[in-house]
Amino acid sequence: MSATPAPRRPALTLSLSVLLFALLTWQVVAEGPLRRADERAGRALTGSRLPEGAAEFLADLGNATVAVPVLVAVAAYTAWHARRSGAFRWWLPAVAALVAMAAVPVLVAPLKAVIDRAGPPGTAGDGGFYPSGHAATAAVAYGAAALLLLPLLRGAYGRRELVIGCCLVNVAVGFGLVRRGYHWPLDVVASWCLAAVLLQAVVLVVSRKAAPVSRSTGRSSARTPGC
């Protein structure tokens, strides 16, 4: 039996994320109109009424010491649950999510060094603020955790609330980073683009996992998308 083709929607989202990241990066490097608008918006958000303590808390949700343990805990739980239920390749979704998390510094660090964008006024250091490592860490960690948990939720309402909650957390992290003057808004948006690429890669990998071997034929049954 032939393999089911990969889902088109994740592939389309993957392409759009790459294109948007390329556009934003070009504007930042070339000091185009988007960069100038970005810096005006960043200065305006820095002066918003949200207390600095609350903004610092939101920004800290993007720390690796906070976000990564959340993903590791969810990965361990969902892998245990899948193994207990007898799922075929029960380890694959958790491993794919953790590999995506490990890829964040591999992608972000070289981009920071090459683009070398200066941070908002008052930040330490001369460059290396684009893209935001905290925003990318939060987006991949919480996004991958949500992807792992989605198959465990039966109702559409619970799944929708999980996705909405994940999005709200990441928006809050991005706002906190800008409000505290740690990053420009485009630093955060570019990180979301990178995170979208990594998360879509997780979806594509998991959707290709093989089904259990049939006892009657000894061959794999039709593949079904997972996670």
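The rules we used
- Residues numbered from 1 in each chain as written.
- Predicted model: local features only at pLDDT ≥ 70, side-chain atom pairs only at ≥ 80, totals over all residues.
- Heavy atoms only, no water.
- Helix = DSSP H or I, 4+ residues; strand = E, 2+ residues; numbered from the N terminus.
- Expected span 1.5 Å × (residues − 1).
- Buried < 20%, exposed > 50% of the residue type's maximum accessible area, 1.4 Å probe, protein only.
- Polar contact = N/O pair within 3.5 Å; in protein donor to acceptor, adjacent residues only side chain to side chain.
- Salt bridge = Lys/Arg side-chain N within 4 Å of Asp/Glu carboxyl O.
- Core = buried A, V, L, I, M, F, W, Y, C linked by side-chain atoms within 4.5 Å.
- Contact = heavy atoms within 4.5 Å.
- pLDDT = per-residue confidence, 0-100.
- Patch = residues over 30% accessible without salt bridge, like charges linked within 9 Å, V, L, I, M, F, W, Y side chains within 5 Å.
- Areas by Shrake-Rupley, 256 points an atom, 1.4 Å probe, with all protein chains shown as cover.
- Axes fitted to C-alpha atoms, helices over the stretch in contact; angles between N-to-C directions.
- Parallel < 35°, antiparallel > 145°, perpendicular 65-115°, else oblique.
- Left-handed = near helix turned anticlockwise from the far one by under 90°.
- Nonpolar A, V, L, I, M, F, W, Y, C, P; charged D, E, K, R; others polar.

Caption draft 1: Examining unusual backbone geometry more closely. That bond from Tyr130 to Pro131 is cis: its omega, -5 degrees, falls within 30 degrees of zero. Mapped onto the elements, Pro131 comes out in the loop between helix 5 (92-115) and helix 6 (133-149). The phi dihedral of Arg89 is positive, around 50 degrees, even though this residue is not glycine.

Caption draft 2: A look at helix 6. Given a rise of 1.5 Å per residue, 17 residues ought to cover 24 Å, and the 24 Å separating the end C-alpha atoms of helix 6 matches this to within 8%. The element helix 6 is extensively covered by neighbouring structure, given that 15 of its 17 residues are classed as buried. Capping the start of helix 6, Ser132 holds a side-chain oxygen 3.5 Å from the backbone nitrogen of His134, two or three residues further along.

Caption draft 3: View of the pattern of salt bridges. Under the counting rule described, the total for this entry stands at 6 salt bridges. One salt bridge connects Arg35 with Glu39, and the closest N-O pair in it is separated by 3.1 Å. A residue pair is termed a helical-turn pair when its members lie 3 or 4 positions apart in one helix, as Arg35 and Glu39 do in helix 2 (residues 33-46) at 4 residues. The buried category is assigned to Arg35, whose relative accessible area is 15%. Owing to a relative accessible area of 16%, Glu39 belongs among the buried residues under this scheme.

Caption draft 4: Expanded view of the nonpolar core. Leu71, Val104, Tyr130 and Val140 are the most contacted members of the largest nonpolar core, which totals 49 residues. Per-element accounting of this core gives the leading share, 12 residues, to helix 6. Leave out the neighbours within four places in its chain, and Val104 touches Ala136, Thr137, Val140 and Leu198.

Caption draft 5: Representation of helix 8 (residues 185-207) within the structure. With 23 residues, helix 8 should reach 33 Å at 1.5 Å per residue; the first-to-last C-alpha distance of 33 Å fits that figure. With 17 of 23 residues buried, helix 8 is to be regarded as a mostly interior element.

Caption draft 6: Quick look at the confidence of the model for the protein. Considering every residue of the protein, the mean pLDDT works out to 87; 87% of them sit at 70 or more. Element-level mean pLDDT values for the protein span from 88 in helix 1 (residues 8-29) up to 97 in helix 6. Per-residue pLDDT stays below 50 along residues 1-6; that stretch engages in 5 contacts with residues further than four places along the chain or on separate chains. Below a pLDDT of 50 lies the segment residues 210-227, which in the model reaches 29 contacts outside its immediate sequence neighbourhood of four places, other chains included.

Caption draft 7: How the structure looks around the environment of Pro131. The class of Pro131 is buried, set by a relative accessible area of 0%. Through-space distance from the C-alpha of Pro131 to that of Trp184 is 9.2 Å; in sequence the pair is 53 residues apart. Residue contacts for Pro131: discarding those within four places in its chain leaves Val108, Leu111, Lys112, His183, Asp187, Ala190, Ser191 and Leu194.

Caption draft 8: Up close: a nonpolar patch on the surface. Nonpolar side chains collect at one region of the surface, where Leu20, Leu23, Trp26 and Leu34 lie side by side and expose about 380 Å² of accessible area between them. Residue position: Leu23 is located in helix 1. The exposure class of Leu23 is partly exposed, given its relative accessible area of 38%.

Caption draft 9: The packing of helix 5 against helix 8, seen in detail. Packing of helix 5 against helix 8 brings their axes to within 9 Å, and their N-to-C directions diverge by 155 degrees. Here helix 5 is positioned roughly antiparallel relative to helix 8, judged by the angle of their axes. Crossing handedness for the pair helix 5 and helix 8: right-handed. Where helix 5 approaches helix 8, its residues Leu92, Pro93, Ala96, Ala97, Ala100, Ala103, Val104, Leu107, Val108 and Leu111 are matched on the opposing element by Leu194, Leu198, Val202, Val205 and Val206. For the contact of helix 5 with helix 8, the residue count by class is 15 nonpolar, no polar and no charged.

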